[in-house]
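Structure assessment
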Amino acid sequence: MKNFHYHRRKWTNRIFVFLCGGACLVSVLVLGLLLGYVVYKGISAIDWAFFTQPPTPVGEPGGGMANAIIGTLILISIASVIGIPIGIATGLYLAEYGRGRFADSIRYLTDVLNGLPSIVMGLFAYALIVIPMGGFSGWSGGVALSLLMIPVIVRTTEEVVKLVPNSIREGALALGIPHWKVILRIVVSTAKGGIVTAVMLAVARIMGETAPLLFTAFGNQFWQTNPSEPMAAMTLQIFTYAISPYDDWHAKAWAGALVLVMMSLLFNITARFFTMRGLKKM
Amino acid sequence: MRVALIHPLIKRTGEGDRNRLDSITLTQIPQEKSERAVPSLKQKSRFNAERLFKGILLLFSLLILLIVLAIFFELIRSSSLSLKTFGFSFVTGRVWDPVKEIYGALPFIYGTVVSSLIAMAISIPVSLGVALFLTEWAPLWMRTIVSFLVELLAAIPSVIYGLWGIFVMIPFLRTNVAPFLQETFGFLPLFDGPFYGVSLLSAGLILSIMVLPTITAVSREVFLAVPQELREAVLALGGTRWESIRLAVLKMSRSGIIGAVVLGLGRALGETMAVTMVIGNRPEIVASLFSPGYSLASVIANEFSEATTPLYLSALAECGLILLAVTFVVNGLARLLVRKKSA
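Description of the structure in this document. In this text, all values refer to a predicted model and were calculated from it rather than measured experimentally.

All names here are of chain B. At their nearest, the axes of helix α6 (residues 140–155) and helix α8 (residues 200–225) sit 7 Å apart, and the two run at 135 degrees to each other. On the basis of their axis angle, the class for α6 and α8 is oblique. Crossing angle aside, the handedness with which α6 passes α8 is left-handed. Contact residues: α6 offers Ser-147, Val-150, Glu-151, Leu-153 and Ala-154, while α8 offers Ile-209, Leu-212, Pro-213, Thr-214, Thr-216, Ala-217 and Arg-220. Looking at side-chain class alone, the contact of α6 with α8 contains 7 nonpolar, 3 polar and 2 charged residues.

Encoded structure:
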């Protein structure tokens, strides 16, 4: 009887190892299937024209996504110009002065901002910019994206700045350097790698965003580099192509997906590599 | 054997100690005290520079507060027309008819909730399994690699999940999974009727992959925070590894797990593109998971830029407002649960 009980416990243990290990296997397998299909379908559809030409009308072969690639870059630039200063400044504030209730509520709000659905940012930018400006524009798309960047930069900056050892700060203060100069010259330059990581993670996040652009940047089938006009973006283009009924466009969607995934992975992996190395150094 | 079990502990407490460094507060920099008679000119200017710098940083932080308030304000303002016209019946109305200008959001709420519930039902056991395996059984190298791979899932843009859903997952479901479900569980209303491909089930499945990294990452952190002594106590009494998990790890991290799940739920409720691409976009309330549905986020995504009348726009903005309010509450709750545990 005792023996039976013992075996049952042992087998329960084994079953759960098996189940949990299986869950791991399944998750990695799903990632493999996702990436595998994107690469497999994308490779066959990608060519030089994809990077150099704007789209052609339906049925006409050739053409690419060059306008959308440029559009995405412009949108990311607008978002970065707005989002990076706010993000880094707030992150610094929270790390260096962030004690007490006010700082905690800012942290809370940052988390809230981080969790809001991205489409809400689109609605916000629409009400704030598209309506007063009287039309869809690259500016509004950039603003919507910047709101998604800010929380990522704030939290990551705060974390890396807090990792800077206090001995460095104290050493500088002991030399009579004022606190603000210590932050600006010494703390920031020590945490530089981490702050770059924060920015990269934020850019990686907004690169793949579609929802906030649907009714702000709106998308555009033609060359357009003026941010006051509706602007193309890779994600919008992929979306349009994916839900269209044309095989030719589906192939283009896969090609776009391949480029987007590769860029996003590149940014994420580089950022992670930087963090790991940075942490080891400290 | 025991030694091998204790070994990871050493590394783990090491990690904890490093994090604890954060909490050591920096000694306050003695600022020029007011009781000092007359500060010299140099001291005075430094004091001002100090205040100026802090003030600038503070101003940027206030901007965050301003942004969150502005988002709420703008969304309430945009949806005021619909709020006034329909009142509470907006959330109970089952008819969404832009032609007759009747707007009821219940089908969208239904679709959002059902697809998120499917996602949770699949994702919770899988991600907890992954997190447990990584923290309790896997060697360190495996933990590093697999958690990295799982987090990569979060790096894939949602429009690509949608694309993959349309062209890879749905055909697979149609040929392999749906017929099986229909044959085995066809008597349930859940799996009734023909499988269209685009459906609540497809949306739920895609979502379950998308929230997996969130739940896994958070619950992994929570499990790692459980003191090793508790596990060892169970092992020392002759318990198996699983018993140490059940009695020590899971019991200790209950609120953290709930937090992780709620956080994942927040992600699922607000996810837009992937759901829009596979849910079918039909504003109906049907019990069968095989039939197309619609969600709050996807109705905004699909119809907002085509909405012509002020009431239509306003009704869509109100869908956004509902989404905003729900995710606000859900995320606040999750933060509370996760923080309390790890503190």
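There is more to say, and it comes next.
This part is about the nonpolar core. Within the largest apolar cluster, 192 residues are counted, with the highest numbers of intra-cluster contacts made by Ile-153, Ile-238 and Ala-257 of chain A together with Ile-160, Ile-206 and Val-278 of chain B. If near-sequence neighbours (up to four positions away) are discounted, Ala-257 of chain A is found in contact with Val-38, Gly-42 and Ile-238 of chain A together with Ile-160 and Leu-163 of chain B.

With that settled, the discussion passes to the interface of chain A and chain B. The interface of chain A with chain B comprises 71 residues on the first partner and 71 residues on the second. Considering each element in turn, the side of chain A that touches chain B owes the most residues, 19 residues, to helix α1 (residues 2–45) of chain A. Split by residue class, the side of chain A that touches chain B holds 50 nonpolar, 16 polar and 5 charged.

Moving on, we come to helix α9 (residues 192–207) of chain A. Along its 16 residues, α9 of chain A runs 22 Å from first to last C-alpha, staying within 8% of the 22 Å computed at 1.5 Å per residue. Burial analysis of α9 of chain A places 13 of its 16 residues in the buried class, the great majority of the element.

This part takes up unusual backbone geometry. Residues and elements named next belong to chain B. One non-glycine residue, Glu-101, lies in the positive phi region at around 60 degrees. Tracing the chain through its elements places Glu-101 in the loop between β1 (96–97) and β2 (102–103). At Asn-281, a residue that is not glycine, the phi angle is positive and equals roughly 55 degrees. On the basis of neighbour count, Asn-281 is assigned to the buried category, with 20 C-beta atoms found within 10 Å.

Calculation criteria
Residues numbered from 1 in each chain as written. Chains lettered and ligands numbered in written order. Predicted model: local features only at pLDDT ≥ 70, side-chain atom pairs only at ≥ 80, totals over all residues. Axes fitted to C-alpha atoms, helices over the stretch in contact; angles between N-to-C directions. Helix = DSSP H or I, 4+ residues; strand = E, 2+ residues; numbered from the N terminus. Parallel < 35°, antiparallel > 145°, perpendicular 65-115°, else oblique. Left-handed = near helix turned anticlockwise from the far one by under 90°. Contact = placed C-beta atoms within 7 Å. Nonpolar A, V, L, I, M, F, W, Y, C, P; charged D, E, K, R; others polar. Core = buried A, V, L, I, M, F, W, Y, C linked by C-beta atoms within 7 Å. Buried ≥ 20, exposed ≤ 12 C-beta atoms within 10 Å, placed from the backbone. Expected span 1.5 Å × (residues − 1).

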